[in-house]
Each structure stands twice: as structure tokens, then as C-alpha cells.
Amino acid sequence: MPRPLLATIHTAALANNLAVARRCAPKSKLLAVVKANAYGHGLASSFQGLCSTDGFGLLDLEEAVKLREIGWVGPILLLEGGSRQTDIDMIDRYSLTTTVHCDEQLRILEMARLSKPVNIHLKMNSGMNRLGYAAGKYRAAWERARSCPSIGQITLMTHFSDAESEIGILNQLDVFEHGANGIMGSRSLSNSAATLWHPNAHFDWIRPGIMLYGASPSGLSSGIKGLSLQPAMTLSSELIAVQTIDPGGSVGYGSTFKARERMRIGVVACGYADGYARCAPEGTPVQVDGVQTQIVGRVSMDMLTVDLSLCPHANIGSPVELWGVHVPIDDVAVACGTIGYELMCAITQRVPMYIE
Ligand SMILES: *Cc1c(COP(=O)(O)O)cnc(C)c1O
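Keep in mind the model is a prediction, meaning the values are calculated, not measured.

Comments concerning the packing of helix 1 (residues 11-24) against helix 3 (residues 43-50)
Here helix 1 crosses helix 3 at 50 degrees, and the two axes come no closer than 7 Å. In terms of axis orientation, helix 1 runs oblique to helix 3. Once helix 1 is placed against helix 3, the crossing between them reads as right-handed. From helix 1, Thr11, Leu14, Ala15 and Leu18 reach across to helix 3, where they touch Ser45, Ser46, Gln48, Gly49 and Leu50. Tallied by class, the residues present in the contact of helix 1 with helix 3 amount to four nonpolar, five polar and no charged.

Comments concerning the domain arrangement of the protein chain
As far as domains go, the protein chain holds domain 1 (11-213) and domain 2 (233-355). Using C-alpha coordinates to define each centre, domain 1 is positioned 37 Å away from domain 2. Taken residue by residue, the interface counts ten residues in domain 1 and six residues in domain 2. Of the roughly 780 Å² buried between domain 1 and domain 2, counting both surfaces, carbon and sulfur atoms make up 75%. Here domain 1 and domain 2 share zero salt bridges between them.

Overview of the site of the ligand
Close to the ligand lie 13 residues; Lys35, Tyr39, Ser192, Ile210 and Tyr341 are nearest. Lys35 is positioned such that a nitrogen or oxygen atom in its side chain is 2.7 Å from an oxygen atom of the ligand. Notes on the ligand: free accessible area 390 Å², of which the protein chains cover 92%. When the residues that make up the shell around the ligand are grouped by side-chain class, the tally is seven nonpolar, four polar and two charged.

Points about the packing of aromatic side chains
All told, the structure shown has six aromatic pairs when counted by the stated rule. Ring geometry for Phe47 versus Trp72: centroids 6.2 Å apart, planes at 75 degrees, classification edge-to-face. Here the residue Phe47 occupies a position in helix 3, and Trp72 occupies one in the loop between helix 4 (61-70) and strand 4 (76-78), the gap between them amounting to 25 residues. Across this residue pair, the class does not change: Phe47 and Trp72 are buried. Judged by centre distance (6.0 Å) and plane angle (20 degrees), the rings of Tyr276 and Trp323 are stacked. Within this pair, whereas Tyr276 is found in the loop between strand 14 (263-268) and strand 15 (285-288), its partner Trp323 is found in strand 18 (residues 319-323), the two being separated by 47 residues in sequence. Both residues of the pair, Tyr276 and Trp323, belong to the buried class. An aromatic cluster of at least three residues, connected via ring pairs, comprises Tyr39, Tyr213 and Tyr341.

Some remarks on empty space enclosed by the protein
Across all of its chains, the model carries two cavities of 30 Å³ or more by this definition. Space inside the largest cavity adds up to approximately 50 Å³. As for the largest cavity, its lining consists of His41, Tyr213, Gly214, Ala215, Pro231, Ala232, Met233, Trp323, Ile329 and Met344. For the lining of the largest cavity, a count of residues per class yields eight nonpolar, two polar and no charged. Taken as a whole, the second largest cavity holds about 40 Å³ of empty space. Every residue lining the second largest cavity is listed: Lys123, Met124, Asn125, Met128, Arg130, Leu131, Thr158 and His159. Among the residues forming the lining of the second largest cavity, the class breakdown is three nonpolar, three polar and two charged.

Comments concerning the environment of Ser318
Tracing the backbone through its elements, the reader meets Ser318 in the loop between strand 17 (304-307) and strand 18. Ser318 gets classed as buried once you look at its relative accessible area, which sits at 7%. Between the alpha carbons of Ser318 and His101 there is a distance of 51 Å; along the sequence they are 217 residues apart. Setting aside its immediate chain neighbours within four residues, Ser318 contacts Ser237, Glu238, Leu239, Asp289 and His313. A polar contact is formed between the side chain of Ser318 and the backbone nitrogen of Asn315, at a distance of 2.8 Å.

Calculation notes
Residues numbered from 1 in each chain as written. Predicted model: local features only at pLDDT ≥ 70, side-chain atom pairs only at ≥ 80, totals over all residues. Heavy atoms only, no water. Axes fitted to C-alpha atoms, helices over the stretch in contact; angles between N-to-C directions. Helix = DSSP H or I, 4+ residues; strand = E, 2+ residues; numbered from the N terminus. Parallel < 35°, antiparallel > 145°, perpendicular 65-115°, else oblique. Left-handed = near helix turned anticlockwise from the far one by under 90°. Contact = heavy atoms within 4.5 Å. Nonpolar A, V, L, I, M, F, W, Y, C, P; charged D, E, K, R; others polar. Domains from an automatic or database assignment. Buried area = accessible area lost by both parts, 1.4 Å probe. Salt bridge = Lys/Arg side-chain N within 4 Å of Asp/Glu carboxyl O. Near = heavy atom within 4 Å. Polar contact = N/O pair within 3.5 Å; in protein donor to acceptor, adjacent residues only side chain to side chain. Areas by Shrake-Rupley, 256 points an atom, 1.4 Å probe, with all protein chains shown as cover. Phe/Tyr/Trp six-rings, centres within 6.5 Å; stacked < 30°, edge-to-face > 60°. Buried < 20%, exposed > 50% of the residue type's maximum accessible area, 1.4 Å probe, protein only. 1 Å grid on protein atoms, 1.4 Å probe; cavity = no way out; pocket = protein on both sides within 12 Å on 5 of 7 lines; lining within 4 Å. Points joined across faces, edges and corners; volume = space filled by probe spheres on them.

Structure (C-alpha cells):
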């Protein structure tokens, strides 16, 4: 391996986190969300940790087919549904469940000739205002779906915009319950935040994503303290060079960091072409040689630089953890002004994965 950079996927952590989600919602079935290549963790590796789920949720047909090829025979929900005739053919062929959020998708199912009825999640827009039928049009959509011979079971679904914040879900829950009032069928509402913090929204199916990967829906590592979630990915590398710089000496492009005293700087084989955020500022946490320290200077394409003042024994070959078991991805994300979701999804193809 020419570079020491590695993303280690902890399948035992995935299994643990799935068990935590089940304990949060013991009466609900669980749809593990593995969109975007399992939030950057790799679909096949995540499957190893998540295979005790009741179903999977994702977006791309390609990923759905991959799950079938791995051998998953249970439910797979396409979270945005299919909108072309060719999508419906694939949905039929691979026995997928599809989201229906608009009349256009219904119409295609009405015209389709399928080998068997397809199960759908009928999506209500309860306030997120991205996808779904308005509450007032929901019953009509449900009746239309029910009378369509190509449609089998209909699960009632909506998605929360603020389950992780103080705004909460009560308003959307209220809209949903009014719109779906008296309609029979399973209900699916809760993402990770609602799974963790809103038991009144669990119903028949929960749809956790981020918590399965051991990160916080609120973006703060403090938000999941005490929940025994474990990080599912450790991004690690090594020092490939060490520089000693004099006071006033600078580091990296733009000379954004200047040394106040003579100090040692470590060069880490990881950069924005690996998916590490270029915007990570000075002070972003990183662990070197077992010691928590910080990034200094600008992240470049293939390398980043770290302060070794606290790591006197660190040298070429010393281990570096960018995030994972010791450095919560949420803490890195806060420093970068984003959320753990974005960092984990951004890991690029060139980062080798090790599944343990
Ligand atoms: C991504 C997604 C989820 C999972 O959300 P998390 O915040 O990662 O738990 C659930 N439902 C839908 C419709 C989604 O798109």
C-alpha cells in the first residue's frame, strides 16, 4: 500500500448500533438506511454489520441490485421512488418497494404491467416541503393507489425536518395524523433523531440512518453521549514527514499558520482528494501517536499538517486518527461547520477500506 491512509469499517459497531436502535423502539420494525454507499461505509461491508435488520432503505437502483446480489431477500425501499418506466421494470424484477410521493409516480404504476403487485410507501409532505402529497390530498392519493392493480401493500410515510432540534416533531406529527386519519396501513415516520428522542413517532417502522454509523443526528457528539453508540468508521493514516520550523515560519498553502515558537509539524497522508474537508480550520481535532492534537495550516489535496507540540515522540510512521474511536467524527464536523453525515459521505474512492 503506497499510502498509509485507511478507512476501517467496524462491523461489530454497526451491529451494536442496530441493537441500540431496536432497544429505542422495541415494538417497531427497522429499515436500515444505507443510501449513499451506506453513508460512505460501503454497502457490502455495512451489510455484514446490519444484516439482522428487517429491511433496507436507499436511493439508487444500482445499490438495491447490489444488495440482492449479496443475498438480501427482505424489503428494500427506494426512498425517492422510481419515476421512469425502466425504473418500474427494475422494481418489479428485483422485488423492491418504492416510494410514491406524487401523481406522476402513481400514473406510471397505473400504466405498468408487472409480474406481481409492488409494495409502496405513500409519502405525505407534513412540513418538510420537499417530497410528498399535501395532507389534504393524501386520502385521495391513497384511494387511487389502493384501486391500482399494480400496487400491493401501502405503507403510510412521512419525514421530519426538525426531529433533532428543539423545534421537534409535534407539528408534523399532528399534520400527518390528520391527513392519514382513518387510513389503514403500517406507518413509517422516524429517522434516527425521532428513533432516539421521539417515541411517540415510532409506529410500525423506524428508518434510522446516521445512528447506525455511530454519529449524532444533532451534529454534536454530546447529543449521543451515554447511548452506547459506537463509531462504525475509523479514518486513520500516518505521519509521512516531520518538519521543525522556527518562529515566524509558516505551513502549507497560503501560509495561513505561522509558528509563534520553534515547533514540530507533522505531515499526514490525507487530504481533500480523500474526502477530508478542505475547510477544516486550525484547531480541528486529530489524534497523533495516541495524543489529541490539532490541525494547523490549510488542508491540501493529498496531505494535511498537524501540531506536534504535544507529541514529542511522534515521528515518521506514527499513527494518526482523523476520526473514529478516539476522535468523534461529530467533533471534527463541528470544527468544519458541518455535520458528521457530510464528512462520512465525502470519503472518496481512493481511500482503501478495511472491514473488521
Ligand atoms: C436519509 C433518510 C433517513 C435516515 O435519516 P437519518 O437522519 O440518517 O437517520 C430516513 N428516512 C428518509 C426518507 C431519508 O431520506
